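# Structure assessment
Chain by chain, the residues:
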Amino acid sequence: TTQLSRTTRKVNNLAALLRVSSENHMGTLPLKGIVDQRAEGRHAFVFEYPTSTLSADPVTLNSLISATTDTPLPLALRLHIAHFLTRTLASFHIDGWVHKDIRSQSLAFFSTKKPKPSSSNLSLQGSAQSAPIQITSPYLVNFEYARPASGSTILFRDDNEAKDIYRHPVVQADAEKKTSFNVAHDIYSLGVVLLEIAVWQTAQAMV
């Protein structure tokens, strides 16, 4: 019961943070609410699509890089994405939380409803994504591992190689010593994503 109340408190605190973040346009999706899925041992966070966007599946930064490797985005747009991710993660850290899953799959772009001719809109050729996506309005997602920076952590290590590429060596699956995740590990992951943006190639492809 103590563990359950501790988890519920953590979930509610994260929900409050995400709601404020969205209202202040800090790069997270509008939070509709939380569903307590106790039978599955989890809470589900329900988000809304951004205003003026289609209900099509969002495109992740990882998918975007993979689809346009031969034709990288202009440097100005790449710098915009890099600045957005850095600023959003910094605000998350300032509020006393760690994300724990920073990777190019955790940055999402949505299709615009009424696209205007602009270099900030991109149509992916040969993709199921028919409507242009709004490149200048990414959103940080994948908060399932997030926790307070000063809180306890589960020292479980999964062996997902695709995720391990973004993790600091001391928190990777085969690390000899189990180390509690901290802000510096988020920043390491950020560095990997910034490298992907700079050379416009996925970390998986580089490895």
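## Topic: the overall build of the protein
The helix and strand inventory of the protein stands at six helices and nine strands. Here the protein holds 207 residues, and 42% of them are scored as buried. Of the contacts formed within the protein by residues at least 6 apart in sequence, a portion of 65% connects residues at least 24 apart. Split by element, the accessible area of the protein, about 11,600 Å² in all, is 54% carbon and sulfur.

## Quick notes on the pairing of strand β2 (residues 42–47)
Where strand β1 (residues 31–37) and β2 come together, six bridges link them in antiparallel fashion. Residue pairing across strands places D36 opposite H43, the latter belonging to β2. Counted along the chain from β1 to the antiparallel partner β2, the turn is four residues long, and its residue G41 has a positive phi close to 70 degrees.

## Quick look at helix α5 (residues 183–199)
Under the 1.5 Å per step criterion, the end-to-end length of α5 is 25 Å for 17 residues, consistent within 8% with the ideal 24 Å. Residues H185, D186, S189, L190, V192, V193, E196 and I197 constitute the buried set of α5. The buried side chains of α5 occupy one side of the element, clustering within an arc of 155 degrees when seen end-on. The N-cap residue of α5 is N182: its side-chain oxygen and the backbone nitrogen of A184 are 3.0 Å apart. Trailing α5 by a residue or two, W200 shows a phi angle of about 50 degrees, which is positive.

## Quick look at the side chain of T60
In this structure, T60 sits in strand β3 (residues 59–60). A distance of 3.1 Å separates a polar atom in the side chain of T60 from the backbone nitrogen of S63. In this view, T60 contacts S104, Q105, L107, A108 and F109; residues no more than four positions away in its chain are not counted.

## A short note on the sheet that holds strand β5 (residues 107–109)
What the three strands build is an open sheet, ordered β3-β5-β8; its pairing is antiparallel. The strands lining the two open edges of the sheet, one partner per strand, are β3 and β8 (139–140). Relative to β5, β3 is paired through two bridges, and the arrangement is antiparallel. Looking at the pairing, V59 lines up with F109 of β5.

## Section: the pattern of salt bridges
Close approach of charged atoms lets side chains of opposite charge pair. Counted according to the given criterion, the structure contains three salt bridges. We note a salt bridge from R103 to D101, for which the minimum N-O separation is 2.7 Å. Comparing R103 with D101, the two get one shared label, buried. Across the salt bridge formed by R167 and D164, the nearest N and O atoms sit 2.9 Å from each other. For R167, a relative accessible area of 15% puts it in the buried group.

## What to know about the packing of helix α3 (residues 75–94) against α5
Contact geometry for α3 and α5: axes closest at 10 Å, N-to-C directions at 170 degrees. Judged on the interaxial angle alone, α5 and α3 are roughly antiparallel. Along its contact with α3, which presents R78, I81, A82, L85, T86, L89 and H93, the element α5 presents V183, D186, I187, L190, V193, L194, I197 and A198. In terms of residue class, the contact of α3 with α5 is made up of 11 nonpolar, two polar and two charged.

## Looking at the environment of T86
For T86, the location among the structural elements is in helix α3. What makes T86 partly exposed here is its relative accessible area of 33%. It is 7.4 Å that separates the C-alpha atoms of T86 and L190, two residues lying 104 residues apart in sequence.

## Focus: unusual backbone geometry
Here the phi dihedral of H25 falls at roughly 55 degrees; this positive angle occurs in a residue that is not glycine. For H25, the location among the structural elements is in the loop between α1 (2–23) and β1. On the accessibility criterion, H25 (67% relative accessible area) is exposed. Positive phi outside glycine occurs at S52, with the angle close to 65 degrees. The topology assignment puts S52 in the loop between β2 and β3.

What counts, and where the lines are drawn
Residues numbered from 1 in each chain as written. Predicted model: local features only at pLDDT ≥ 70, side-chain atom pairs only at ≥ 80, totals over all residues. Heavy atoms only, no water. Helix = DSSP H or I, 4+ residues; strand = E, 2+ residues; numbered from the N terminus. Buried < 20%, exposed > 50% of the residue type's maximum accessible area, 1.4 Å probe, protein only. Contact = heavy atoms within 4.5 Å. Areas by Shrake-Rupley, 256 points an atom, 1.4 Å probe, with all protein chains shown as cover. Pairing = 2+ DSSP bridges. Expected span 1.5 Å × (residues − 1). Arc of directions from axis to C-beta. Polar contact = N/O pair within 3.5 Å; in protein donor to acceptor, adjacent residues only side chain to side chain. Salt bridge = Lys/Arg side-chain N within 4 Å of Asp/Glu carboxyl O. Axes fitted to C-alpha atoms, helices over the stretch in contact; angles between N-to-C directions. Parallel < 35°, antiparallel > 145°, perpendicular 65-115°, else oblique. Nonpolar A, V, L, I, M, F, W, Y, C, P; charged D, E, K, R; others polar.

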